[in-house]
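For reference, the chains in residue letters:
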Amino acid sequence: MTALAKIEAPSREDRQNHGLLTLEQSLALDNETAMGLYAAHLNKYMLQVFDILGLAHMDIESAQGAEITLRDGRKVLDYSGGFGVLGLGHNHPRIIAAERLCHDRKVLDCIKIAPHKLQGALAYNISRFLPKPLDVSFLAVSGTEANEAAMKICERVQTPKGKTKFLCFKGAFHGKTHGPLSLTTATDVQSGFIMGVPKENVVFATYGDIASVREVIAREQFEKGNRIIAGIVETIRGTSCHVPGPGFLTAFAQLCRENDILTIFDEVKVGMGRTGKFCAFMHEDVVPDVVTLAKTLGGGKRELGAMVTSQALFDKAYGNKNDCNLHSSSFSGMGESCAVGIETLNVLEDEQLIDRAGLIGNYLQARLEKLREKYPRKIVSLRGKGCFQAIELNFGQQLAEKAIDIRTNSLFVTYETVLIGAMARELYERHGILVHFQPGARDLLHLMPPYIVSEAQIDRLIEALDDVLGRGVADATVRFVVKNIKRVLG
Ligand SMILES: Cc1ncc(COP(=O)(O)O)c(C=O)c1O
């Protein structure tokens, strides 16, 4: 008799019953119950935000492409695009097939004590899309983790030279874990946290302004050269959708190189084809030392990011058997995630989706331009490239700017939040269109369609915008305020 056989199995009655929901039950939950669980066990304040925007009651059945289907059969057009995750749209059939293939073949997902075939294959595929010498990857599970890896590799190479600082841009967004958070000032996300990189080790320039970069670099000279480890830049601003002027990225990289400063191009949001090139920096003739990817790399189905650099830089940072694992993470390069990443890159290539993102983006931009001509007093400006566009609405900010700092004045911030929230809610409730806005830019409606969006779907968006703009901000705001008073009082 084995030792195990001596252990008496607990009787059914004695077994602890945790009262778990099964997966079937979870999928079948009615919306009210599901939201109750969200409030009780996740984040009830976030739920209140969704509720104010009219989105807590969106009872979702399924999603495909650019469309979300509600349980009552209504179709919602998703221009929020998972804030950039959904370049291929929801549930792309080839991504589902790739996952199914992995399941059918019982593909190994996790092995830490031996290499995984699919990791090398994914890193090779990524390198095929990038200019030389960017061909060595670290696989991450998010954008912020890719940026952590980028910061750390640069620190390893540069701190022995006595360098101590990062150069970033005022109002940037690079992620919310401690390292990238230290370089993130798009919104007030730093308050109350101890920074991963101390404040005195971060210097700021003005985005898109090469003279300001030059000034900051000049200030950081010391007897051994320049104190700056690396300069990190969003190739298009994620929060403000600001596209820097032509040549800015090239001039930035050149200035950094002249001063022995490494360059990190953050392509987390706009890389992977969104602007009509694999990375937005590829619209110029420039190559950074490090590039970071995430969001669409996971095909809309997996958590996947990558920090990509050259073999030469990798060697300098981690180039021996003792140091090669100095940066690592448990979930880096899980088999099925790699499979999805590999298939995502093949879908981009086979379906020519990068070109398509550029072309359909041009169509969207042209239709928005017409709308701007129709509403010159309501639309202040249009911004963006390819499948990342934003509409700056006129909330009187130009007038207010003369009297107050509209970015910090709390009354103005609340006022703008109500107006932009009202416009977003109108688009959803009247027309079944999802758009989004970001706390760092409360006068901008962001549009991030998947690259497979059709012209007809864009036409539907434009008709909806036309209707909502035609009714006016005041109309939307009254409805918004009334609905939320009902919510608070009722
Ligand atoms: C430019 C940029 N960098 C980094 C991040 C952080 O990515 P994640 O949310 O996957 O951590 C984001 C997220 O939106 C982003 O827009």
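The rules we used
Residues numbered from 1 in each chain as written. Predicted model: local features only at pLDDT ≥ 70, side-chain atom pairs only at ≥ 80, totals over all residues. Core = buried A, V, L, I, M, F, W, Y, C linked by C-beta atoms within 7 Å. Buried ≥ 20, exposed ≤ 12 C-beta atoms within 10 Å, placed from the backbone. Contact = placed C-beta atoms within 7 Å. Near = placed C-beta within 6 Å. Helix = DSSP H or I, 4+ residues; strand = E, 2+ residues; numbered from the N terminus. Pairing = 2+ DSSP bridges. Domains from an automatic or database assignment. Nonpolar A, V, L, I, M, F, W, Y, C, P; charged D, E, K, R; others polar.

Trainee: Mind showing me how you'd approach the nonpolar core here?
Mentor: Inside soluble globular proteins, nonpolar side chains tend to come together where they are buried. Of all hydrophobic cores here, the largest spans 125 residues; its most connected members are Cys154, Ala306, Met307, Met423 and Leu445. When near neighbours in sequence (up to four residues on either side) are disregarded, cysteine 154 contacts Ile229, Ala230, Leu262, Ile264 and Val290.

Trainee: Which parts of the structure should I look at to understand the site of the ligand?
Mentor: Lining the immediate environment of the ligand, one finds 14 residues, of which Gly143, Thr144, Gly238, Val268 and Lys269 sit closest. Considering every element that reaches the shell around the ligand, the biggest residue donor is helix H6 (residues 143-158), with three residues.

Trainee: Is there a simple way to explain unusual backbone geometry in this structure?
Mentor: Glycine aside, residues mostly have negative phi, and peptide bonds are mostly found in the trans state. Note that the residue after lysine 132, namely proline 133, is joined by a cis bond; omega there is 5 degrees. Inspection of the secondary structure assignment puts proline 133 in the loop between helix H5 (117-129) and strand S4 (136-140).

Trainee: Please explain the sheet that holds strand S2 (residues 67-70) as it appears in this structure.
Mentor: In a beta sheet, neighbouring strands are held together by backbone hydrogen bonds and run either parallel or antiparallel to one another. Read from one edge to the other, the open sheet built from four strands follows the order S1-S2-S3-S15, with strand pairing classed as mixed. Among the strands making up the open sheet, the edge pair consists of strand S1 (60-64) and strand S15 (433-434). By the bridge criterion, two bridges tie strand S3 (residues 75-78) to S15 in an arrangement that is parallel. For aspartate 78, the partnering residue across the bridge sits in S15 and is leucine 434.

Trainee: What am I meant to see in the domain arrangement of the protein here?
Mentor: Accessible area lost upon the coming together of the parts serves often as the stated size of an interface. Each assigned domain of the protein is listed with its residue range as follows: domain 1 (95-350) and domain 2 (352-489). On the domain 2 side, the residues contacting the 19 residues of domain 1 number 20 residues. For the side of domain 1 that touches domain 2, a count of residues per class yields nine nonpolar, eight polar and two charged.

Trainee: What am I meant to see in the environment of alanine 230 here?
Mentor: Residue position: alanine 230 is located in strand S9 (residues 228-234). By the C-beta count within 10 Å, which is 24 here, alanine 230 ends up buried. Sequence separation between alanine 230 and isoleucine 261 is 31 residues, and the spatial gap between their C-alpha atoms is 5.0 Å. The residues touching alanine 230, leaving out its near neighbours within four places in the chain, are Cys154, Gln158, Phe166, Ile261, Leu262, Thr263 and Ile264.

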